Amino acid sequence: MFQLGSALLDACVLAVIKKGDTYGYQLTQEIRNIIEVSESTLYPVLRRLQSEEMLITYDVAHSGRNRRYYQITIKGREHLEYLQNNWQHFKAAVDYLLLVVPAEEDLEEGQSIEAEKSAKEDAAAKAGQDIEGEQS
Amino acid sequence: MTAAEYLYDLRKRLKQLPQQEIDEALSYYEEYFSEAGPGGEAELINRLGTPAQVASTIISEYAMKDMSGQGETPKKSSSVKTMWIVIIAVLASPIAVPLAIALISVVFSLLVAIFSVYFSLLVAALAMVIAGIVAAGIGVVGLFAAPLEAIAILGVSLISLSLGLALGIGVIKLGQLTIKGITWIFAKILGRKGGQK
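Residues numbered from 1 in each chain as written. Chains lettered and ligands numbered in written order. Predicted model: local features only at pLDDT ≥ 70, side-chain atom pairs only at ≥ 80, totals over all residues. Heavy atoms only, no water.

Topic: the layout of surface pockets
All names here are of chain B.
No. 1: Its boundaries defined by the atoms lining it, the second largest pocket holds a volume of some 530 Å³.
No. 2: Those elements that place two or more of their residues in the lining of the second largest pocket are α5 (78–92), α6 (97–142) and α7 (147–193).
No. 3: Looking at the lining of the second largest pocket element by element, the count peaks at seven residues for α6.
No. 4: Its residues assigned to classes, the lining of the second largest pocket shows 16 nonpolar, no polar and no charged. (1 Å grid on protein atoms, 1.4 Å probe; cavity = no way out; pocket = protein on both sides within 12 Å on 5 of 7 lines; lining within 4 Å. Points joined across faces, edges and corners; volume = space filled by probe spheres on them. Helix = DSSP H or I, 4+ residues; strand = E, 2+ residues; numbered from the N terminus. Nonpolar A, V, L, I, M, F, W, Y, C, P; charged D, E, K, R; others polar.)

This is the structure we're talking about:
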């Protein structure tokens, strides 16, 4: 139902590869086990991350053929951290819009908590640019 | 469809990308198929979608990368290449068929216009040469009957002849330049198609 945009796909791929070097098929299955992505989505992502020097590849012989492993670079780790931070803000913003705002209707006056206020400020500050990023 | 057929079709559809990109994509999907094993072939093809779909994800990602200037080779002609890839990507989608027909018609009509101008100039030059020769003949014949008029006609005929020849030579030169220019433009565009050969 919800689709991963290009920034989120980058983040998921980088996060899985950060955990340990992996090859295309395994990576795809690992992500597909958790979240619905089409089988052919990941090659262009891998290729792009590779050309942006966030991933490097090396070949390993495996039962008479080749497996191309992907490894995360320092640049890739930094980018992943950046994406993780942005995701937290974005997640907070969506949570706020989808879950907190409707729930506030049910609350009595004066019960709104400080945490919600800060979530609201976060959301206002970050929502615009993150939503833009996700829809690309 | 077998894996080999699938990969062959995919390679054909990636033709407009640089050779390196094609090889990378193909070796990825070859590996992918062998990971799935011969038993999982049919099911994998089912999950992957058609070679056209797979190719379009690769091409559009490549075109975007190229446009955002993050490609590995910052060649100065990369904008031409990008334009070409975008055109190919547009043509690859079914909506664009009328658009392609329109584009081809525009190019074709431009070519026809250029060549008809060229042709009419050539005909004009030929007419002047023929008129010059005919008038010269009349002048020579009339030289004894009416010398003054005949000399005047001869003079005019020579002017016409020389102008016609000059125009003709000029038009032929111009035509050669035009053809060279057009082939150069097409070579520049089509040269991108096969990547580095």
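Digging into helix α2 (residues 19–36) of chain B
All names here are of chain B.
No. 1: Counted at 1.5 Å a residue, the expected span for α2 with its 18 residues is 26 Å, and the 26 Å between its end C-alpha atoms agrees.
No. 2: Along α2, the residues classified as buried are E21, I22, E24, A25, L26, Y28, Y29, E31, Y32, F33, E35 and A36.
No. 3: At the exit of α2 stands G37, carrying a positive phi of roughly 80°. (Expected span 1.5 Å × (residues − 1). Buried < 20%, exposed > 50% of the residue type's maximum accessible area, 1.4 Å probe, protein only.)

Structural notes on the nonpolar core
No. 1: The biggest cluster of nonpolar side chains holds 47 residues, and the ones touching the most others in it are V13(A), L14(B) and Y29(B).
No. 2: If you tally residues by element for this core, the top one is α2(B), at eight residues.
No. 3: Excluding its chain neighbours within four sequence positions, the residues that come into contact with Y29(B) are S40(A), Y43(A), L7(B), L10(B), L48(B), V54(B) and I58(B). (Core = buried A, V, L, I, M, F, W, Y, C linked by side-chain atoms within 4.5 Å. Contact = heavy atoms within 4.5 Å.)

Overview of the confidence of the model for chain B
The predicted coordinates of low-pLDDT regions are not to be read in fine detail.
All names here are of chain B.
No. 1: Here chain B averages 83 in pLDDT, and 86% of its residues register 70 or above.
No. 2: Looking across chain B, the model is least confident in α5, with a mean pLDDT of 74, and most confident in helix α1 (residues 3–13), with 91.
No. 3: This stretch, residues 70–75, has a pLDDT under 50; its non-local contacts, to residues over four places away or in other chains, come to eleven contacts.
No. 4: Of the two predicted TM-score estimates for the complex, the pTM is 0.53 and the ipTM is 0.71. (pLDDT = per-residue confidence, 0-100.)

As for the packing of aromatic side chains
No. 1: The tally for this structure, following the rule as stated, stands at ten aromatic pairs over all chains.
No. 2: Measuring from ring centre to ring centre gives 5.8 Å for Y43(A) and Y29(B), while their planes differ by 55°; the resulting arrangement is tilted. Placement of the pair is Y43(A) in helix α3 (residues 42–51) and Y29(B) in helix α2, with the two residues belonging to separate chains. For the pair Y43(A) and Y29(B), one class covers both residues: buried.
No. 3: Ring geometry for Y58(A) against Y69(A): centres 5.7 Å apart, planes inclined by 15°, an arrangement best described as stacked. Pair noted here: Y58(A) is in strand β2 (residues 55–62) and Y69(A) is in strand β3 (residues 65–72), with a separation of eleven residues, a long-range link.
No. 4: Using a relative accessible area of 17% as the deciding quantity, one classes Y69(A) as buried.
No. 5: Among the aromatic residues, ring-to-ring pairing joins Y25(A), Y43(A), Y28(B), Y29(B) and Y32(B) into one connected group. (Phe/Tyr/Trp six-rings, centres within 6.5 Å; stacked < 30°, edge-to-face > 60°.)

Observations concerning the environment of P51(B)
Residue and element names in this part refer to chain B.
No. 1: Mapped onto the elements, P51 comes out in helix α4 (residues 51–67).
No. 2: What makes P51 buried here is its relative accessible area of 5%.
No. 3: The spacing of P51 and Y6 is 45 residues in sequence and 6.4 Å in space, taken between C-alpha atoms.
No. 4: Filtering out sequence-adjacent residues up to four positions away, P51 remains in contact with M1, Y6, D9, L10 and R13.

Regarding the interface of chain A and chain B
No. 1: Contacts between chain A and chain B engage 20 residues on the former and 22 residues on the latter.
No. 2: Of the roughly 2,000 Å² buried at the junction of chain A and chain B (both faces included), carbon and sulfur atoms supply 47%.
No. 3: The three residues of chain A that bury the most area against chain B are Y25(A), Y43(A) and R47(A), which together make up 34% of that side's buried surface.
No. 4: The interface formed by chain A and chain B contains six salt bridges. (Buried area = accessible area lost by both parts, 1.4 Å probe. Salt bridge = Lys/Arg side-chain N within 4 Å of Asp/Glu carboxyl O.)

Considerations on helix α4 (residues 74–106) of chain A
No. 1: Compared with the 48 Å implied by 1.5 Å per residue over 33 residues, the 47 Å span of α4(A) between its first and last C-alpha is a close match.
No. 2: Residues G76(A), L80(A), L83(A), N86(A), F90(A), A93(A), Y96(A) and V100(A) constitute the buried set of α4(A).

Here we look at the pairing of β2(A)
Residues and elements named next belong to chain A.
No. 1: Judged from the eight bridges that link them, β2 and β3 form a sheet pairing that is antiparallel. Counted as the bridge partner of H62 is R65 from β3.
No. 2: Between β2 and β3, which pair antiparallel and follow one another directly, the connecting turn spans two residues, one of which, S63, has a positive phi of 40°. (Pairing = 2+ DSSP bridges.)

Describing the pairing of β3(A)
No. 1: As judged from the two bridges shared by strand β1 (residues 22–23) of chain A and β3(A), these two strands associate in the antiparallel manner. Residue pairing in the sheet places T22(A) in a bridge with Y70(A) of β3(A).

A short note on the sheet that holds β2(A)
No. 1: If you trace the three strands from one edge of the open sheet to the other, you get β1-β3-β2 (chain A), paired in antiparallel fashion. Edge positions in the sheet fall to β1 and β2 of chain A, since each has one partner strand and no second.
No. 2: Where α3(A) meets the sheet, its contacts fall on β2 and β3 of chain A, and the angle it forms with β2(A) comes to roughly 120°.
No. 3: Across the sheet, α2(B) is in contact with β1 and β3 of chain A; its angle to β3(A) comes to roughly 110°. (Axes fitted to C-alpha atoms, helices over the stretch in contact; angles between N-to-C directions.)

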